[in-house]
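# Structure assessment
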Protein chains: 2
Amino acid sequence: MSFGRCAACRYLRRRCTQDCILSPYFPSNNPQRFASVHRIYGASNVTKLLQRLPTHLRAEAADSLYFEAQCRLEDPVYGCVGLIFLLQQQIHSAESQLFKTQAEIAVMKSQTQYPQTQPFRAISGSNNLLLQQSDNDANL
Amino acid sequence: MSFGRCAACRYLRRRCTQDCILSPYFPSNNPQRFASVHRIYGASNVTKLLQRLPTHLRAEAADSLYFEAQCRLEDPVYGCVGLIFLLQQQIHSAESQLFKTQAEIAVMKSQTQYPQTQPFRAISGSNNLLLQQSDNDANL
């Protein structure tokens, strides 16, 4: 029956049988979904890929194939690899900002610890006194 | 000549002509590269995709197709969409860490500004004195 055909069988102008492997993932109300996937992979390759998977993983596979096909149609040169580059740049940018901020914290922590370093200054001061003393001794 | 055939023409057992569109991107010394792309997209779809692009963009397109094909062979359910999920998680993690670190800085900054509020403490102290004074006056 023509009305019961899935988007794939409608697109390929063939009978849609009850065991059509594409039917659950390419419903007739979304013809664009199959058209995209077919244009990039071809119906035969999509069918083979889904056939190799257990039934419970096929929906996720069909979704990811559709996502990649859409990316390739929008960006025929890089496809979703373009998106991967973009995300890697975002990670690099976020990590650089994080390192800068962590460095800022380290500087601030060393500044707030400054009062605790006063004993060192006192020792340094007494060293100066000792130096002054030894200078005085030398002058004697 | 059989020895001059590119990996695609060798794989497809056909003559490799001088104007073979696949030849520059699928050299004979890397048969695996074409095999991967052919298994996922099919030679015909790869040829069509490259034909639609200007020559200077075809090498990049062939590389990204190979990358996506490899991802799909390694992960038949998610392909390189799995990698995109992973990168998005990394971005989320780096950004969360960045916000926490920025919040830590904000707390530290407010703490380092604390000594500047001492005049307020002095005023508060003199208010106490005034209060003590008024208590004393009341006791008189």
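Residues numbered from 1 in each chain as written. Chains lettered and ligands numbered in written order. Predicted model: local features only at pLDDT ≥ 70, side-chain atom pairs only at ≥ 80, totals over all residues. Heavy atoms only, no water.

As named in an unreviewed UniProt entry, chain A is LOB domain-containing protein, taken from Gossypium gossypioides. The heading Sequence similarities (unreviewed entry) in the UniProt record of chain A holds the text "Belongs to the LOB domain-containing protein family." (UniProt positions renumbered as here; feature names shortened; annotations may be inferred.)

### Points about helix 3 (residues 43–51) of chain A
Listed as buried for helix 3 of chain A are Ala 43, Asn 45, Val 46, Thr 47, Leu 49 and Leu 50 of chain A. As for helix 3 of chain A, its buried residues are in contact with helix 2 (31–40) and helix 4 (55–74) of chain A together with helix 2 (31–40), helix 3 (43–51) and helix 4 (55–74) of chain B. (Buried < 20%, exposed > 50% of the residue type's maximum accessible area, 1.4 Å probe, protein only. Helix = DSSP H or I, 4+ residues; strand = E, 2+ residues; numbered from the N terminus. Contact = heavy atoms within 4.5 Å.)

### Re the packing of helix 3 of chain A against helix 4 of chain A
Axis angle and axis distance: for two packed helices, these are the angle between their axes and the distance between the axes, and together they describe the pair. All names here are of chain A. Where helix 3 meets helix 4, the axes come as close as 10 Å, and the angle between the chain directions of the two elements is 145 degrees. In this structure, helix 3 meets helix 4 at a crossing whose hand is right-handed. Between helix 3 and helix 4, the residues in contact are Val 46, Leu 49, Leu 50 and Gln 51 and Arg 58, Ala 61, Ala 62 and Leu 65, respectively. The class makeup of the residues in the contact of helix 3 with helix 4 is six nonpolar, one polar and one charged. (Axes fitted to C-alpha atoms, helices over the stretch in contact; angles between N-to-C directions. Left-handed = near helix turned anticlockwise from the far one by under 90°. Nonpolar A, V, L, I, M, F, W, Y, C, P; charged D, E, K, R; others polar.)

### Some details on the nonpolar core
Leu 22, Phe 26 and Tyr 41 of chain A together with Leu 22, Phe 26 and Tyr 41 of chain B are the most contacted members of the largest nonpolar core, which has 46 residues in total. Other than its neighbours up to four places away in sequence, Phe 26 of chain B contacts Cys 6, Ala 7, Ala 8, Arg 33, Phe 34, Val 37, Val 46 and Ala 62 of chain B. In this structure, Cys 80, Ile 84 and Leu 87 of chain A together with Cys 71 of chain B belong to the second largest nonpolar core, which totals 10 residues. (Core = buried A, V, L, I, M, F, W, Y, C linked by side-chain atoms within 4.5 Å.)

### Concerning the packing of helix 2 of chain A against helix 4 of chain A
Residue and element names in this part refer to chain A. Contact geometry of helix 2 with helix 4 gives a least axis separation of 8 Å together with a crossing angle of 70 degrees. Viewed along their axes, helix 2 and helix 4 adopt a mutual orientation that is roughly perpendicular. Together, Gln 32, Arg 33, Ser 36, Val 37, Arg 39 and Ile 40 of helix 2 and Ala 62, Asp 63, Leu 65, Tyr 66, Ala 69, Gln 70, Arg 72 and Leu 73 of helix 4 make up the contact between the two elements. Each residue belonging to the contact of helix 2 with helix 4 can be placed in one class, and the counts come to seven nonpolar, three polar and four charged. (Parallel < 35°, antiparallel > 145°, perpendicular 65-115°, else oblique.)

### Some points on the UniProt feature "domain: LOB" (unreviewed entry) in chain A
In the numbering used here, UniProt assigns the "domain: LOB" (unreviewed entry) feature to residues 4–105 of chain A. Along residues 4–105 of chain A, the helical share is 70% and the strand share 0%, with 64 Å between the first and last C-alpha atoms.

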